[in-house]
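Report on the structure
Chain by chain, the residues:
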Amino acid sequence: QVQLVESGGGLVQAGGSLRLSCAASGRTFSLNAMGWFRPAPGKEREFVAAIGGNGRSTYYTDSVKGRFTISRDNAKNTVYLQMNSLRPENTAVYYCATDLLNSRASTRSLEYDYWGQGTQVTVSS
């Protein structure tokens, strides 16, 4: 059974940093795209960052470019989201997801098959 478990969320002051982790189990994910998303009112989950199966292709939404870094350790079946220079508007539950059919990352939440339970990030001003 495929399972994704996020961790690393918490409360941080504006300008601070957090590192989110997403541990995958149930199969090997080294060939699969992984992504991070957050809720968006009235629509599908909002894309934050994604990484291809080989770890060389990464994608970011414009608002986090230069501040967030997505990476993966395929030996550990884990994907990370390093979040620097956090802002109050980054407050959200962050979900990781995997696309079991593709190694090429997508920015669309509908492309992803399995989701974690989410981890809360709260940035105070």
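Above this text is the structure in question.
The rules behind each value
Residues numbered from 1 in each chain as written. Predicted model: local features only at pLDDT ≥ 70, side-chain atom pairs only at ≥ 80, totals over all residues. Heavy atoms only, no water. Helix = DSSP H or I, 4+ residues; strand = E, 2+ residues; numbered from the N terminus. Rg over C-alpha atoms; globule rule 2.2 N^0.38 Å. Buried < 20%, exposed > 50% of the residue type's maximum accessible area, 1.4 Å probe, protein only. Contact = heavy atoms within 4.5 Å. Areas by Shrake-Rupley, 256 points an atom, 1.4 Å probe, with all protein chains shown as cover. Lys, Arg positive; Asp, Glu negative; His and termini not counted. Charge placed at Lys NZ, Arg CZ, Asp CG, Glu CD. Disulfide = S-S within 2.5 Å. Polar contact = N/O pair within 3.5 Å; in protein donor to acceptor, adjacent residues only side chain to side chain.

Side note on the overall build of the protein chain
From N to C terminus, the protein chain includes zero helices and eleven strands. The order of helices and strands in the protein chain, counted from the N terminus, is β-β-β-β-β-β-β-β-β-β-β. Its C-alpha atoms give the protein chain a radius of gyration of 13 Å, near enough to 14 Å, the size a compact globule of 125 residues would have. Overall size of the protein chain, expressed as C-alpha extent along the three principal axes, is 40 × 30 × 25 Å. Per-residue burial for the protein chain yields a buried fraction of 45% across its 125 residues. Taking contacts inside the protein chain between residues at least 6 apart in sequence as the whole, the part at least 24 apart equals 59%. For the protein chain, the accessible area works out to roughly 6,400 Å², and carbon and sulfur atoms hold 46% of it. Positive and negative side-chain charges of the protein chain, numbering 13 and 9 respectively, have mean locations separated by a distance of 5 Å.

Focus: the state of the cysteines
Inspection of every chain in the model, using the stated rule, returns one disulfide. There is a disulfide in this structure between Cys 22 and Cys 96, and the S-S distance comes to 1.9 Å. Given an S-S torsion of about 45 degrees, the disulfide between Cys 22 and Cys 96 has right-handed geometry. Here Cys 22 is found in strand 3 (residues 18-25), whereas its partner Cys 96 is found in strand 9 (residues 92-99), with 74 residues between them in sequence. There is no split in this pair, since Cys 22 and Cys 96 are both buried.

Some remarks on the environment of Gln 82
Its place among the elements puts Gln 82 in strand 8 (residues 78-83). Distance from Gln 82 to Gly 8, taken between C-alpha atoms, is 9.9 Å for residues 74 residues apart in sequence. Look past the residues within four positions of Gln 82 in its chain and what remains in contact with it is Ser 17, Leu 18, Arg 19, Arg 67, Phe 68 and Thr 69. Polar contacts involving the side chain of Gln 82 include one to the side chain of Asn 84, which spans 2.9 Å.

Keep in mind these values describe shape, not function.
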